[in-house]
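# Observations on the model geometry
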Amino acid sequence: MERLVPEQVGALLRPGMRVCVLGGCNEPRGIAAALHAQPEATAGVEFTVTRIPGIASPTLAPWGGSTVRSFFVTPEMRDGFDAGSVRFVPMQYRHVWDDLNAAPFDLAIAQFTPPDGNGDCSLGIGAGFLPALLERPEIPFVAEWNRSLPRLPGAPTVSADRFDYVVETDIEPPTLASRSGSVAERIGALVAELIRDGDCIETGVGAIPGAVLAALHGHRDLGFHSGLLSDGVMDLVEAGAVTGARKTIDEGRLVAAMVLGSPRLYDWASRCDLIDLRTVDYTHDARVIARLDNFVALNSAVEVDLFGQVNSEMVRGRQISGTGGAVDFMRGARMSAGGRSIVALEATAGGGRFSRIVPTLPAEHAATALRTDADIFVTEYGVADVRGRDLAERMHRLIAIAAPQFREELETRAARVRQ
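Residue numbering note: each chain is counted from 1, following its sequence as written. This being a predicted model, a pLDDT of at least 70 is required before a residue's local features are given, and a value of 80 or more before pairs of side-chain atoms are given or counted; all residues contribute to the totals for chains, interfaces and linings. Excluded from the side-chain calculation are hydrogens and water; included are all heavy atoms of the structure.

Further remarks concern the sheet that holds strand β16 (residues 303–305). Pairing between strands is defined by DSSP: at least two bridges between them are needed. Strands are runs of DSSP state E lasting at least two residues, helices are runs of H or I lasting at least four, and both sets are numbered from the N terminus onward. Across the sheet, three strands lie side by side as β17-β16-β23; this open sheet has mixed pairing. Strand pairing shows two members of the sheet lacking a second neighbour, β17 (310–311) and β23 (357–358), which therefore form its edges. Bridge count between β16 and β23: two bridges; the pairing is parallel. Across the sheet, D305 pairs through a bridge with V358, a residue of β23.

Read across the sheet, eight strands follow the order β14-β13-β12-β11-β15-β20-β24-β25 without closing on themselves; strand pairing throughout is mixed. At either end of the open sheet lies a strand with only one pairing partner, and these are β14 (275–277) and β25 (382–385). For this sheet, the mean angle separating the axes of adjacent strands, direction not counted, is 20°. When strand β24 (residues 376–379) meets β25, the two strands line up antiparallel, connected through four bridges. Considered in β25, the bridge of T379 is made with G382. The angle between two axes is taken between their N-to-C directions and runs from 0 to 180 degrees, where each axis is a line fitted to C-alpha atoms and a helix contributes only its stretch in contact.

In this section: the layout of surface pockets. The calculated volume of the second largest pocket comes to roughly 470 Å³. Looking at the second largest pocket, it is lined by 20 residues, and the ones nearest its centre are E303, F354, S355, R356 and V358. Listed by contribution, the elements that provide at least two residues to the lining of the second largest pocket are β22 (354–355), β23 and α14 (404–418). Ranked by residue count, the leading element in the lining of the second largest pocket is α14, at four residues. Residues of the lining of the second largest pocket, tallied by class, amount to 10 nonpolar, four polar and six charged. Grid points spaced at 1 Å over the protein atoms alone were grouped into cavities, where a 1.4 Å probe fits but cannot get out, and pockets, open sets with protein on both sides within 12 Å along at least five of seven lines, with lining residues defined by an atom within 4 Å of a point. Grid points are joined across faces, edges and corners, and a volume is the space filled by probe spheres set on the points. Polarity classes work like this: nonpolar for Ala, Val, Leu, Ile, Met, Phe, Trp, Tyr, Cys and Pro, charged for Asp, Glu, Lys and Arg, and polar for all others, with Gly in that last group.

Spelled out as structure tokens, the structure:
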């Protein structure tokens, strides 16, 4: 094991190398910042990254002839995406694991806690995709040992002997502030009415998922199995709403691929022995989710058309996010006994100028989820349960939850679509 400072990692790179920088919320930000400042060292290198929206840190390919292969287009990647140095790969989260498990890499870089007394490093606040490469001994590994990374009792560990190079840093973990508003709170209240005591829930990032969690404090014996554990989940555990007592697998456990939120959340999680950080091939596998009775997948969308097709990643023809794990959870929920898939979104965008319920998805927009994936749609104007409904009825129900000023136009367009 060779010890380096962040600025020395660039010397390990050569043109033509394929380098995987893993982590999501666990991204090795000390090394990423050093490489960002050394475009000459990254020239000709292809980076594969597992970044997630909402966490800003230096991109690895702003200039210098390097490229980034990514499963999300985050805001700081925007210029690189437009210039062609960031190459977006549309892929459901579960299948990203398989891609990383098989792809040829010359080097891997990720963040961990420093080793404990047994010589084991924790994966910190995110298991995610890391073990997919840790279990491939042929790939050299650079570890960023971050002294400020929380060490969760339920996080996987790896022996310090696995690493070929080590960089030590002391960088606070990323935080994700919760935000809400009256519209999100109205949607949250409507969604909460669809969730029963004992259901097992999944939520993502954003104002609406946060509002849903805040509206569930009166529920009891909820379970939790998701990609992300946030402040809202912590609050539900402390309120006695989430216990996992009725989960048909992982009873009593909070299962997530990552923990992301406030410093208070990290302090709580580092002392909580109920959290199991699991890898994406478990958290996002539809076969696993199907074993959780009464599983409720809650996801958001940019827009939904009258067929029930969901776009969660494009605006005005531009990629703003990625495919993510929504479809993994939707399809797992459909296979779960008593499961439901809910898509919640505000009815309008642009200060009310645009309807998020649209006649058909624009030709330049991809469908993240098919019309057969979601069961229930919710806006601040109501609930559209389209399970088992014919095309005309599902269109009628979706129009009924659109903003009132757009309903007449949607009715006219719906008549054309049905012809």
